[in-house]
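# Notes for the structure review
Here are the chains, one letter per residue:
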There are 2 protein chains.
Amino acid sequence: MHSFRELADLFSARFNQAHFPATPATLYEPAEYFLGIGGKRVRPVMCLMGNELFDEVHPDAYQVATAIELFHNFTLVHDDIMDAAPLRRGMDTLHKKYGDNTALLAGDVMLIQAYEYINKVSPTYQKQILALFNQTARQVCEGQQLDMDFEKHDRVAMEEYIHMITLKTSVLLAASLKVGSLIGGASEGNRNHLYEFGKNLGIAFQVQDDFLDAFGDPEKFGKDPGGDIRQNKKTFLLLHAIEVCSDADRKELKHLLSSDDSDKVQRVLGIFKRCNVDDWANQLKERYLATALQHLDDIAVVSSRKKPLLELSEFLIQREY
Amino acid sequence: MHSFRELADLFSARFNQAHFPATPATLYEPAEYFLGIGGKRVRPVMCLMGNELFDEVHPDAYQVATAIELFHNFTLVHDDIMDAAPLRRGMDTLHKKYGDNTALLAGDVMLIQAYEYINKVSPTYQKQILALFNQTARQVCEGQQLDMDFEKHDRVAMEEYIHMITLKTSVLLAASLKVGSLIGGASEGNRNHLYEFGKNLGIAFQVQDDFLDAFGDPEKFGKDPGGDIRQNKKTFLLLHAIEVCSDADRKELKHLLSSDDSDKVQRVLGIFKRCNVDDWANQLKERYLATALQHLDDIAVVSSRKKPLLELSEFLIQREY
């Protein structure tokens, strides 16, 4: 058994190589640039962990993990175009550095190359892997579309928002684990529990991310808090505040969302506190985490094999602020 | 055996249905809109013809033909974004009607859905089909990148231009035939001859397209000639003219390319005629067509089965102007 860190090192050693031919360099250099700017490689490692929960890591799991990381980077490149984002992990985004058109095409070839890695796995389970990969890929696109749609709406129901977050971020974490478990020989019941573990963990993580952006300790969190508020981003916190706050606070929130007042962040946080958004968010996070851990518990393998996944959830979901 | 027209009708009857779920409609309605604006469905029919050259059309050929048409539409949607093109087949392009971001995502889901259709074929040849499909998809992206690169260059060598056209348009025609022949049980030698037939036919067609845009009879051609010249598009004709014309003509061409003079088309055509670009283009087209037909001839099946492909090449490559 390996820890997250060990698997991340094993994966990176294989992933950090050229994934494309040298020419045309105008297309493939930009693609390699973006793949090289890093990231925690959480999803491919989850694929390896899903495999190792049941059996030794099979070489096929590395192929699929590589496909997953390429797919994830494809979504980042295209999302960055749509969001007109200049920076990613402190570096120029692909479209900022090489232009929108090349970024569009470089994203496309990353997605195509992901399928080439999937084509390297054993025929025994290739159809199942391809089906889950396709379903997940479509869902991630749906999530991105819903996210863009919601930006234009005044109000979004919590249920719809959770659905969007599930599609946009959670299903890929869930599918990464599940596809690994399929390679590891897991039964269908175990695979589904693992999928639900990943899905719920992903939602808990997103709730935490929104919470930390508003209430996190800047020193621990590593970025200036209130970014979501300044950008009028729809978050779990904002949507809940709009649902539960007083009419007066709702009116003020609406005003603040269309203003650039210097005390905007402070005043929105004041409203959040008045309607206990912080407590609510912590409870919501704990609820999704508990559901996730229950599914992990329900997987029929000896508990010692679950240790790396428990460590992963502790690493992703901090319980102290 | 079926004619091109019969196979096109058989294909359309299956293709003209929803390829995506109903929701989110903000993503899938745009995708279905674009798939519904038509086109001649040349590529999927070539897949069916490749199959029927060797055996009765297998249901798997329809799945792969659908994947090919979805892939082709994905490239059109993304190319239209890159070219900022307002119209396609006389209708609004997807990005014009629904915005760039939705067009980007709708293109992405078309590509993903193409892979879902490929996942429906028999495991017997699924790996081979996926490999050829991935290779072709990457090449088409490379061709589009090279096309954009060349727009920025003053001079492009003919060899490089032919390479770009091969990637951007011919390999998909070639692969469509080849993948169909694989399903039809063709030997590797026959499959490769069929691929070369499609590749060379595609180049001949592109040369003809460039020729007709400059010299075609507007009544037969159906569009106002000289469009490429007005848009300063790099074409077979322009690149050859730059290569062979006199220094004085080259100087005038350079001036015309940066002008919007009302007699621009007429004057460029004058230069083309002076350096016999029309004869050269006809010879070039005939050469690629002859190579294509030689490969068709070399395929080891009874010649009666080749009739639909011969008709296709006569339909695509007109020999009278």
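Residues numbered from 1 in each chain as written. Chains lettered and ligands numbered in written order. Predicted model: local features only at pLDDT ≥ 70, side-chain atom pairs only at ≥ 80, totals over all residues.

### A word on the overall build of chain A
Along chain A, the regular secondary structure elements total 16 helices and two strands. Compactness check: chain A gives a C-alpha radius of gyration of 20 Å against a globular reference of 20 Å for 321 residues, within 12% of the reference. By its C-alpha atoms, chain A is 60 × 50 × 35 Å across when sized along the principal axes. Burial analysis of chain A (321 residues in total) assigns 48% to the buried set. Restricting to contacts in chain A with at least 6 residues of sequence separation, those with at least 24 account for 74%. (Helix = DSSP H or I, 4+ residues; strand = E, 2+ residues; numbered from the N terminus. Rg over C-alpha atoms; globule rule 2.2 N^0.38 Å. Buried ≥ 20, exposed ≤ 12 C-beta atoms within 10 Å, placed from the backbone. Contact = placed C-beta atoms within 7 Å.)

### A closer look at the interface of chain B and chain A
With 31 residues of chain B at the contact, the number on the chain A side is 31 residues. Looking at the side of chain B that touches chain A, the elements with two or more residues in it are helix H2 (25-36), helix H4 (59-83), helix H6 (100-118) and helix H7 (123-151) of chain B. Per-element accounting of the side of chain B that touches chain A gives the leading share, 14 residues, to H7(B). A per-class count over the side of chain B that touches chain A returns 17 nonpolar, eight polar and six charged. (Nonpolar A, V, L, I, M, F, W, Y, C, P; charged D, E, K, R; others polar.)

### Quick look at the relation of the copies chain B and chain A
Overlaying chain B with chain A gives an RMSD of 0.0 Å, the required rotation being 180° about an axis along which the chain moves by 0.0 Å. The two molecules are tied by a two-fold rotation axis, judged by turn and shift. (Least-squares fit on C-alpha atoms with pLDDT ≥ 70 in both.)

### Here we look at the environment of A:Met46
Residues and elements named next belong to chain A. By the element assignment, Met-46 lies in helix H3 (residues 42-52). For Met-46 and Leu-309, which are 263 residues apart along the polypeptide, the C-alpha to C-alpha distance reads 8.5 Å. With residues up to four places along the chain from it excluded, the contact list for Met-46 reads Leu-173, Ser-176, Leu-177, Gly-180 and Gly-198.

### Notes on unusual backbone geometry
A cis amide bond, omega -5°, links A:Thr23 with the succeeding residue A:Pro24. Of note, A:Pro24 is situated in the loop between helix H1 (4-15) and helix H2 (25-36). Despite not being glycine, B:Asn232 shows a phi value in the positive range, around 55°. Using a count of 15 C-beta atoms within 10 Å as the deciding quantity, one classes B:Asn232 as partly exposed.

### Quick notes on the confidence of the model for chain A
Across chain A, the average pLDDT comes to 95, with 98% of residues at or above 70. Among the prediction metrics, the complex's ipTM stands at 0.96, with pTM recorded as 0.96. (pLDDT = per-residue confidence, 0-100.)

### With respect to the packing of H2(B) against H6(B)
Residues and elements named next belong to chain B. Between H2 and H6, the least distance of the axes is 9 Å, while the angle of their chain directions is 75°. With respect to H6, the axis of H2 lies roughly perpendicular. Listed contacts from H6 to Thr-26, Leu-27, Pro-30, Ala-31 and Phe-34 of H2 are Thr-102, Leu-105, Ala-106, Val-109 and Met-110. Split by residue class, the contact of H2 with H6 holds eight nonpolar, two polar and no charged. (Axes fitted to C-alpha atoms, helices over the stretch in contact; angles between N-to-C directions. Parallel < 35°, antiparallel > 145°, perpendicular 65-115°, else oblique.)

### Quick word on the packing of H4(B) against H7(B)
Residue and element names in this part refer to chain B. Relative orientation of the contacting elements H4 and H7 amounts to 20°, with a least axis distance of 12 Å. Taken together, H4 and H7 sit at an angle that is classed as roughly parallel. Note on packing geometry: the crossing formed by H4 with H7 is right-handed. Contacts between H4 and H7 pair Val-64, Phe-71, Thr-75, Asp-79 and Met-82 from the former with Ile-129, Ala-137, Val-140, Gln-144 and Met-148 from the latter. Its residues assigned to classes, the contact of H4 with H7 shows seven nonpolar, two polar and one charged. (Left-handed = near helix turned anticlockwise from the far one by under 90°.)

### Regarding the nonpolar core
The tendency in soluble globular proteins is for nonpolar side chains to be buried side by side. Counting 194 residues, the largest nonpolar core has A:Val64 and B:Val64 as the members making the most contacts within it. Setting aside its immediate chain neighbours within four residues, A:Val64 contacts A:Cys47, A:Tyr117, A:Ile118, A:Val121, A:Ile129, A:Val179 and A:Ile183. (Core = buried A, V, L, I, M, F, W, Y, C linked by C-beta atoms within 7 Å.)

### Side note on the environment of A:Val171
Mapping A:Val171 onto the fold places it in helix H8 (residues 158-183). Looking at A:Val171, the number of C-beta atoms within 10 Å reads 25, which means it is buried.

### Structural notes on helix H14 (residues 264-274) of chain B
Residues and elements named next belong to chain B. Within H14 the residues assigned to the buried category are Val-268, Ile-271 and Phe-272. Projected down its long axis, H14 shows its buried positions confined to an angular sector of 105°, all on one face. Buried positions along H14 lie against helix H9 (188-215), helix H11 (227-230), helix H12 (236-244), helix H13 (247-257) and helix H15 (277-298). The first or second residue beyond H14 is Asn-276, which carries a positive phi of 55°. (Arc of directions from axis to C-beta.)

### A short note on the environment of B:His240
Residue and element names in this part refer to chain B. Here His-240 lies in helix H12. Look at His-240 and you get buried, because 20 C-beta atoms sit within 10 Å. Sequence spacing of His-240 and Ala-281 is 41 residues, and the spatial spacing of their C-alpha atoms is 8.8 Å. Once you skip the residues sitting within four places of it in the chain, His-240 turns out to touch Met-158, Val-277 and Trp-280.

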